Amino acid sequence: MTKAEQHKMIEVILYILNKTGGMDYYRLFKILYFANQRSLVEWGHLMTNDKFCALPHGPVPTMLYDSIKG
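Source: prediction; values computed, not measured. (Residues numbered from 1 in each chain as written. Predicted model: local features only at pLDDT ≥ 70, side-chain atom pairs only at ≥ 80, totals over all residues. Heavy atoms only, no water.)

Participant: How should the packing of helix α1 (residues 3–20) against helix α2 (residues 25–43) be read in this particular structure?
Facilitator: Between two packed helices, the angle of one axis relative to the other and the distance separating the axes together describe the packing. One can describe the packing of α1 onto α2 by two numbers: an axis separation of 11 Å at closest approach and a directional angle of 115°. Between α1 and α2, the interaxial angle falls into the category roughly perpendicular. As for the relative orientation of α1 and α2, their crossing is right-handed in sense. Facing M9, V12, I13 and I16 of α1, the residues of α2 in contact are L28, I31 and L32. Of the residues contributing to the contact of α1 with α2, the split by class is seven nonpolar, no polar and no charged. (Axes fitted to C-alpha atoms, helices over the stretch in contact; angles between N-to-C directions. Helix = DSSP H or I, 4+ residues; strand = E, 2+ residues; numbered from the N terminus. Parallel < 35°, antiparallel > 145°, perpendicular 65-115°, else oblique. Left-handed = near helix turned anticlockwise from the far one by under 90°. Contact = heavy atoms within 4.5 Å. Nonpolar A, V, L, I, M, F, W, Y, C, P; charged D, E, K, R; others polar.)

See the structure below:
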């Protein structure tokens, strides 16, 4: 992930957290997943370049999840 992509991801996360007042990271991941889907449908490109994988509690952006775990 490039610096510009990292910066964009941080901006998106901060925007979501400011609008919602905070939440756990699994809920944040789900919002990111559906926002990415909607961005692809409406504008033809993904909002973030992170890849999502399926886990028991829902979709998880792999690079963001690894950075939170690590």
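Participant: Just to check I follow, could you spell out the pairing of strand β2 (residues 58–61) for this structure?
Facilitator: When a strand is regular, its side chains alternate between the sheet's two faces. Bridging between strand β1 (residues 52–55) and β2 involves four bridges; their strand directions are antiparallel. Paired with L55 across the strands is G58, a residue of β2. (Pairing = 2+ DSSP bridges.)

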